[in-house]
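Observations on the three-dimensional arrangement
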Amino acid sequence: MIIARTIQELQASLQEFEKEGKDIGFVPTMGFLHEGHMELVKESKIKTDKTVMSIFVNPLQFGPNEDFDRYPRDEEKDIQLARNEGVDLLFLPTVEEMYPNGNLTINMVVTKRTDVLCGKSRPGHFDGVATVVAKLFQLIRPQLAFFGLKDAQQVAVIHALVEDYHFPIEIVPVPTVREHDGLAKSSRNVYLSDQERLEAPYLYKALQKGREAILKGDSISGIRDYLTAYIENHTSGEVDYLEIYSYPDLEMVIEDQQPVIIAVAVKFSQARLIDNIIITQKS
Ligand code: PAF
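Residues numbered from 1 in each chain as written. Predicted model: local features only at pLDDT ≥ 70, side-chain atom pairs only at ≥ 80, totals over all residues. Heavy atoms only, no water.

- The chain is annotated in an unreviewed UniProt entry as Pantothenate synthetase of Bacillus coahuilensis p1.1.43.
- According to the UniProt record, the Function (unreviewed entry) comment for the chain is "Catalyzes the condensation of pantoate with beta-alanine in an ATP-dependent reaction via a pantoyl-adenylate intermediate."
- Regarding the chain, the UniProt comment filed under Sequence similarities (unreviewed entry) reads as follows: "Belongs to the pantothenate synthetase family." (UniProt positions renumbered as here; feature names shortened; annotations may be inferred.)

In structure tokens form, the structure reads like this:
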């Protein structure tokens, strides 16, 4: 595995891949790699010749009250994991390398799809995501880029970025990796108490009930109320939101419109869990 810490090193390796006529698959991450990331790499290795991963904790996507400095980092372990999974080129830039003058002259502003779900409580977050992803797309110029559907709102924003700015890149959304009982894998699951860990699979159970109700044609507001009560009755968590929107537009659902997303965030004592399910007629 080649490790590139500077843009110059990155581009030298990419030129070699290009000379060999290789298709590039790109997996952007902020490191502290887990199975979810590995699933993206696996998909990339199936679909492309060379997999490029970036690890960059992007300060632009953290709000003033969100602790960028405390975001977990373990470079040595990440390098090992990426190597074991067969990543071909790992881009590990510093903040200075990505933002040489402290900040950029031009930043992306996402004007739709972000005033709901997690975007509602994290103003500016998706502007930072779109800005860094645009920069990484421009630097790496992959044919395919892989994003986890666990963060379906991010996937919706990236789809808009590619469409609006004509990046010749296919976005490949990768399904959420789950534990045997349906709980979406997340590094935050370790913060659940034993009792909360038993309760947490009810998020996914609720989403599945929601899928049945949507396909049956029940009313959106009825489903929303029923699922919120279902989670509150089966867990000690506090439902932060449980929303149903069109996908990927993330707007109010007009009768029988599909695909739709049911997205949920629940606060447990030490962890806030998110999950979602996207429903199309065929699924
Ligand atoms: O999903 C993430 O880890 C980040 O938001 C991303 C896409 C790597 C941009 O910093």
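What to know about the packing of aromatic side chains
- One pass over the full model with this rule turns up 8 aromatic pairs.
- Ring geometry for Phe26 and Phe137: centres 6.3 Å apart, planes at 75°, overall edge-to-face. With Phe26 in strand E2 (residues 24-29) and Phe137 in helix H6 (residues 125-140), the pair connects residues that are 111 residues apart, well separated along the chain. Pair check on accessibility: Phe26 and Phe137 agree, each one buried. (Phe/Tyr/Trp six-rings, centres within 6.5 Å; stacked < 30°, edge-to-face > 60°. Helix = DSSP H or I, 4+ residues; strand = E, 2+ residues; numbered from the N terminus. Buried < 20%, exposed > 50% of the residue type's maximum accessible area, 1.4 Å probe, protein only.)

What to know about the pattern of salt bridges
- Within the structure shown, the criterion is met by 13 salt bridges.
- The partner of Lys185 in a salt bridge is Glu35, and the shortest N-O contact between them spans 2.8 Å. Placement of Lys185 in the loop between strand E6 (170-174) and helix H8 (194-199) and of Glu35 in helix H2 (residues 35-47) is noted, with a sequence separation of 150 residues between them.
- According to the relative accessible area criterion, Glu35 is partly exposed, its value standing at 47%.
- Salt-bridge contacts for Glu66 lead to Arg122; the nearest nitrogen and oxygen are separated by 2.8 Å. Here Glu66 is found in the loop between strand E3 (50-55) and helix H3 (75-85), whereas its partner Arg122 is found in the loop between helix H5 (117-121) and H6, with 56 residues between them in sequence. (Salt bridge = Lys/Arg side-chain N within 4 Å of Asp/Glu carboxyl O.)

Thoughts on the site of the ligand
- In the vicinity of the ligand, the contacting residues are Pro28, Thr29, Met30, Gln61, Val129, Val132, Phe147 and Gln154.
- Take Gln61: an N or O atom from its side chain is 2.6 Å from an oxygen atom of the ligand.
- Within the side chain of Gln154, an N or O atom sits 2.7 Å from an oxygen atom of the ligand.
- Computed on the free molecule, the ligand has an accessible area of 290 Å², of which 85% lies beneath the protein chains in the complex.
- Residue assignment for the shell around the ligand shows that the elements contributing at least two residues are E2 and H6.
- Looking at the shell around the ligand, its residues break down into 5 nonpolar, 3 polar and no charged. (Near = heavy atom within 4 Å. Polar contact = N/O pair within 3.5 Å; in protein donor to acceptor, adjacent residues only side chain to side chain. Areas by Shrake-Rupley, 256 points an atom, 1.4 Å probe, with all protein chains shown as cover. Nonpolar A, V, L, I, M, F, W, Y, C, P; charged D, E, K, R; others polar.)

Quick word on the nonpolar core
- Ranked by size, the top nonpolar core spans 46 residues in total, and within it Phe137, Ile140 and Ile158 carry the most contacts.
- If you tally residues by element for this core, the top one is H6, at 10 residues.
- Residue contacts for Ile140: discarding those within four places in its chain leaves Leu10, Leu14, Ile24, Phe26 and Val52.
- Counting 26 residues, the second largest nonpolar core, distinct from the first, contains Leu203, Ala213, Val239 and Val260. (Core = buried A, V, L, I, M, F, W, Y, C linked by side-chain atoms within 4.5 Å. Contact = heavy atoms within 4.5 Å.)

Some remarks on empty space enclosed by the protein
- In total, this model carries 1 cavity of 30 Å³ or more according to the counting rule given.
- Roughly 100 Å³ of volume is contained in the largest cavity.
- Taken together, 13 residues form the lining of the largest cavity, with Lys150, Ala152, Gln153, Tyr241 and Asn276 sitting closest to its centre.
- Of all the secondary-structure elements, those providing two or more residues to the lining of the largest cavity are H5, helix H7 (152-164), strand E8 (260-267) and strand E9 (272-279).
- The residue makeup of the lining of the largest cavity, split by class, is 8 nonpolar, 2 polar and 3 charged. (1 Å grid on protein atoms, 1.4 Å probe; cavity = no way out; pocket = protein on both sides within 12 Å on 5 of 7 lines; lining within 4 Å. Points joined across faces, edges and corners; volume = space filled by probe spheres on them.)

As for the sheet that holds E6
- Taken together, the 6 strands give an open sheet; going across it, the order is E1-E4-E3-E2-E5-E6, and neighbouring strands pair in parallel fashion. The sheet is open, and its two borders are formed by strand E1 (2-4) and E6, each paired with just one other strand. Each strand axis lies, on average, 25° off the axis of its neighbour in the sheet, ignoring direction.
- Here E3 runs beside strand E4 (residues 89-91); their pairing, made up of 3 bridges, is parallel. (Pairing = 2+ DSSP bridges. Axes fitted to C-alpha atoms, helices over the stretch in contact; angles between N-to-C directions.)

Focus: the side chain of Lys50
- Residue placement: Lys50 occurs in strand E3.
- No salt bridge is formed by the buried Lys50, whose closest oppositely charged neighbour, Asp88, lies at an N-O distance of 4.1 Å.
- Apart from the residues within four sequence positions on either side, Lys50 is in contact with Phe17, Glu20, Lys22, Asp23, Ile24, Gly25 and Asp88. (Lys, Arg positive; Asp, Glu negative; His and termini not counted.)

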